[in-house]
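Each chain, written out:
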Number of protein chains: 4
Amino acid sequence: MDTDQPAKIGAQHLPLRDQVLAALRKGIISGDYPPGERLTEDRLAEDFGVSRNPVREALRVAEAEGFVVILPRRGAVVASPSSATIHDIFAVRERLEPLAARLAAERATPGDVTSLRAVLEQARLATEAQDLRRVGELNSALHLQILGISGNPWLASIAKALYLHVQWVFQMTAKVRAPHSWDEHIKLVDAIGSGDGELAETVALEHVGAASAAAHETAGRA
Amino acid sequence: MDTDQPAKIGAQHLPLRDQVLAALRKGIISGDYPPGERLTEDRLAEDFGVSRNPVREALRVAEAEGFVVILPRRGAVVASPSSATIHDIFAVRERLEPLAARLAAERATPGDVTSLRAVLEQARLATEAQDLRRVGELNSALHLQILGISGNPWLASIAKALYLHVQWVFQMTAKVRAPHSWDEHIKLVDAIGSGDGELAETVALEHVGAASAAAHETAGRA
Amino acid sequence: MDTDQPAKIGAQHLPLRDQVLAALRKGIISGDYPPGERLTEDRLAEDFGVSRNPVREALRVAEAEGFVVILPRRGAVVASPSSATIHDIFAVRERLEPLAARLAAERATPGDVTSLRAVLEQARLATEAQDLRRVGELNSALHLQILGISGNPWLASIAKALYLHVQWVFQMTAKVRAPHSWDEHIKLVDAIGSGDGELAETVALEHVGAASAAAHETAGRA
Amino acid sequence: MDTDQPAKIGAQHLPLRDQVLAALRKGIISGDYPPGERLTEDRLAEDFGVSRNPVREALRVAEAEGFVVILPRRGAVVASPSSATIHDIFAVRERLEPLAARLAAERATPGDVTSLRAVLEQARLATEAQDLRRVGELNSALHLQILGISGNPWLASIAKALYLHVQWVFQMTAKVRAPHSWDEHIKLVDAIGSGDGELAETVALEHVGAASAAAHETAGRA
DNA sequence: GTGGTCTAGACCACT
DNA sequence: GTGGTCTAGACCACC
């Protein structure tokens, strides 16, 4: 995915705290840091090879994002999404993703639609190759791209956070509903491409509903 | 709702960073730190009488909440909500507050409703006394309480952040649409009290629509 | 080449100056900054998206490494290796690479040898695939690996600098002697694997001699 | 070779960073900044009466030369040559000084030889006067002059760096092998004067071997 | 004693 | 020269 001529050095040189945050999110979502696990600052600092200060700053943001719970003077613990959490998250997603789809349909340029269709095509190939991991990545990429097209950064930021949590839960339950979701995705992109906001919103609502149902089937612990 | 006897000392002893964060939010919303203002760590540390580390941690969270913008190696700046931002925020609120009202209607206990009506009554008295500041506070209190009753912490947390930003913008434009909003509030509480989720959602949608219109009239600058 | 579990964040988070230095070296060797080109600090700062300070520090080191020439109060210019320079460099390489080969032969563990042979195999595949760029990279990788095995950091550091310059000259003359060099490399690795320092030194000397001859044929300008 | 009348002011006015670098090298070699000592930028800036910027640039070059070790985000420390380091350095010198002697023999003009003999004579006088410090300086001057005569700037630059480090180690161990080395020096100059490269190389090799042995006797600590 | 919290100080980069 | 960033170390609450 890297361009040959990398972006300017200054722009890609992120502070340690940001890299720590990304690594921490990844570690949590991947299950390396399982729910309920205590996250002592010293341990994380050692894991990442940095001092405790950037770890602390990353933990504050991770808390704001809902990945960890911090108890004052007690330390941080990986959050434990329950089935209730999943229910809550989907309740919000059911409202926001249709909005995103509508806005995207109203604002999408031909280039945007081409880009979305490219993701669909890649997903088709990955599905044929049975590369489930890649399918999952493309699933995320598609939704994130739609959020970007919506042109509402607040919506995008909130929905992205929700989306990451859903991925996390899926990861925990070791189930992916990849098999049957791409038909819905194609319909969604078609609707966005048509420019019909009302239609896009309807399709998105159905899609979230299906995802929600699948999630609730597989959830139910911790 | 607070007991006269304050809660346990340990529970009310918040870390400095949390107090700094609260003070920072308040300072930004109140306009003491106007949009575009540079927030050097040293200055904030001095303002709050702490060292730079708790200031840094508070800034990270304030960034995640959208109150400040942090540019790597350049420092923090108070965010500058534009009229586009207001539009974006209301677009999301229009989806989430009706959801909150519906959930609240479906879950509200009689005690919850009594509590909501108490706020309405206090607001009526404050309006008669022309205590506009108090009216504003009660406005916030009402909406936050509804969010709490909804029982969806994700929804509550997101909507609260949006709500704070709306307050901020109102503060900036120095206009409050307090005069005519309480009629709507009464209708909203009635709907919640009735337990009719569908009705509550409809009333909430109208309310947000009115607020949105008022906000867009008064907004329109960096 | 990246491992799945990346190295600790702290270890791979280099200062901007180091990244600038690496980019500058790469730009010079690749010919993007041709010999004789003036390198104003402002321009480099813009090219890399950083401020002038890290650029200045990178330039000092690049000067110490012989890639640029800095004239006091006049600025930096990309160095212009002449055929005399090539001659000088090879005169030194003829003494140091045999030494490196001898030391490597005396110190190589079985694992070291396996690693060297892996590079040879990759090079064979890349040669078959006619991926000349990859062949060049593996060529460098092999020699650098031998230097590392030698266990003499001074030798490694000096020889590496010489090696980079030779690559630069090859790049300038747009000639690569890749075709016939891998036979020699195989002999060299065999000698190192045998543990016979004397033999390794002899083979290395022949190898450098061949490279030197090839370089002198293709050089002769700028 | 310097004229009595100093060169033009512009040419002799070196940038501050170069003067700082020279002073830093001198301070390290002389033991004023002992191995392992932390070199904070502020302290050096104060010591030399300059701002931190030229200090930083000098430190980068000093690192490239092996006098200091810089740990990212940790600062600079004076390098600590161990006996292993000494061994490594001499292993390289054994290859490069004979080469320098051979090249010098092949290229030396009568004037060059006269100049070398003048150094020998001064050294004889200084030895008689028991001015050991002067003897040491002349020792260095002789070897540096031979490197210059070799006509290979790469060789000269590399060998000079090695030579400075050897001096440093001798300084640290407070031992100088001055007593018996001048006989060897005379033989070396004779060989160079004869124009017989093979002979010069042989003599130089013996000389480095003797120096190496002496160094290893006196070394043996961090 | 472990570990969260905060301060002091220094490196690093921008202006 | 100012200011962002990170590290080292001290304080102090909890187990």
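Procedures and definitions
Here the residue index of a chain counts from 1 through its sequence in written order. Think of it this way: whatever chain is written first is A, whatever ligand is written first is 1, and the rest follow in order. In keeping with the model being predicted, local features are shown solely for residues with a pLDDT of at least 70 and side-chain atom pairs are shown and tallied solely at 80 or more, while totals for entire chains, interfaces and linings include all residues. Remark: hydrogens and water are excluded; side-chain values derive from all non-hydrogen atoms of the structure. What sets the superposition is a least-squares fit of C-alpha atoms, and only residues with pLDDT of at least 70 in both copies go into it. It only takes one pair of heavy atoms within 4.5 Å for two residues to be counted as in contact. One heavy atom within 4 Å of a molecule or strand is enough for the residue carrying it to be called near that molecule or strand. Polar contacts here mean pairs of N or O atoms no more than 3.5 Å apart (in protein, one a potential hydrogen donor and the other a potential acceptor; neighbouring residues in sequence count only if both atoms are side-chain atoms). For helices the rule is a DSSP run of H or I covering at least 4 residues; for strands it is a run of E covering at least 2, with both sets numbered from the N terminus onward. When residues are sorted by character, Ala, Val, Leu, Ile, Met, Phe, Trp, Tyr, Cys and Pro go into the nonpolar class, Asp, Glu, Lys and Arg into the charged class, and all the rest, Gly among them, into the polar class. Accessible area, probed at 1.4 Å, shrinks when two parts are joined; the buried area is that loss added up over both. Should a side-chain nitrogen of Lys or Arg be within 4 Å of a carboxyl oxygen of Asp or Glu, the pair is scored as a salt bridge.

Participant: What is the right way to read the relation of the copies chain C and chain D from this model?
Facilitator: What relates the two chain copies is a rotation about an axis together with a slide along it. Placing chain C over chain D gives an RMSD of 0.1 Å and needs a rotation angle of 180°, together with 0.1 Å of translation along the axis. In symmetry terms, the pair is related by a two-fold rotation axis. Residue by residue, 100% of the interface of chain C is reproduced at the interface of chain D, so both copies engage with the same surface.

Participant: Any chance you could explain the protein's contact with DNA strand E here in plain terms?
Facilitator: Around DNA strand E sit 36 residues, and of these A:Arg52, B:Leu16, B:Ser51, C:Leu16 and D:Arg52 come closest. In DNA strand E, atoms within 4 Å of the protein come from the sugar-phosphate backbone in 66% of cases. The separation between a sugar or linking oxygen of DNA strand E and a polar side-chain atom of B:Arg74 is 3.0 Å. Between a phosphate oxygen of DNA strand E and a main-chain N or O atom of C:Leu16, the distance comes to 2.3 Å. Among the secondary structure elements, those contributing two or more residues to the surface near DNA strand E are helix H4 (52–64) of chain A, helix H2 (16–30) and helix H4 (52–64) of chain B, helix H2 (16–30) and helix H4 (52–64) of chain C together with helix H4 (52–64) of chain D. Residues that form the surface near DNA strand E fall into these classes: 11 nonpolar, eight polar and 17 charged.

Participant: I keep staring at the interface of chain C and chain D and nothing clicks. Help me out?
Facilitator: Size of an interface: often given as the accessible area lost when the parts come together. Each partner contributes to the interface: chain C provides 32 residues, whereas chain D provides 33 residues. Taken over both partners, the interface formed by chain C and chain D buries close to 2,800 Å², and the fraction arising from carbon and sulfur atoms is 60%. Taken as a group, C:Arg60, C:Arg95 and C:Trp154 account for 26% of the area that chain C buries against chain D, more than any other trio of residues on that side. Between chain C and chain D we count six salt bridges in total. D:Glu201 is the partner of C:Arg95 in a salt bridge, and the nearest nitrogen-oxygen pair spans 2.7 Å. Taken together, the links from chain C to chain D amount to 10 residue pairs in polar contact (both at pLDDT 80 or more). Only H4, helix H5 (83–107) and helix H8 (153–173) of chain C provide two or more residues apiece to the side of chain C that touches chain D. No other element matches the nine residues that H5(C) contributes to the side of chain C that touches chain D. For the side of chain C that touches chain D, the residue count by class is 15 nonpolar, seven polar and 10 charged.

Participant: Please clarify how the relation of the copies chain A and chain B should be interpreted in this entry.
Facilitator: Take chain A, turn it by 180°, move it 0.0 Å along the axis, and it overlays chain B with an RMSD of 0.1 Å. Counting the interface residues of chain A, we find that 100% of their copies in chain B are interface residues as well, pointing to one common contact surface.

Participant: Even after reading the chapter, I still don't get the interface of chain A and chain B, so can you show me in this structure?
Facilitator: Across the contact, 32 residues belong to chain A and 32 residues belong to chain B. Across the interface of chain A and chain B, roughly 2,800 Å² is buried in total on both sides, 61% from carbon and sulfur atoms. At the junction of chain A and chain B, the tally comes to six salt bridges. Here B:Arg56 makes a salt bridge to A:Glu57, at a shortest N to O gap of 2.7 Å. Applying the counting rule to chain A against chain B returns 10 residue pairs in polar contact (both at pLDDT 80 or more). Going through the elements one at a time, H4, helix H5 (83–107) and helix H8 (153–173) of chain A are the ones with two or more residues in the side of chain A that touches chain B. Grouping the constituent residues of the side of chain A that touches chain B by class yields 15 nonpolar, seven polar and 10 charged.

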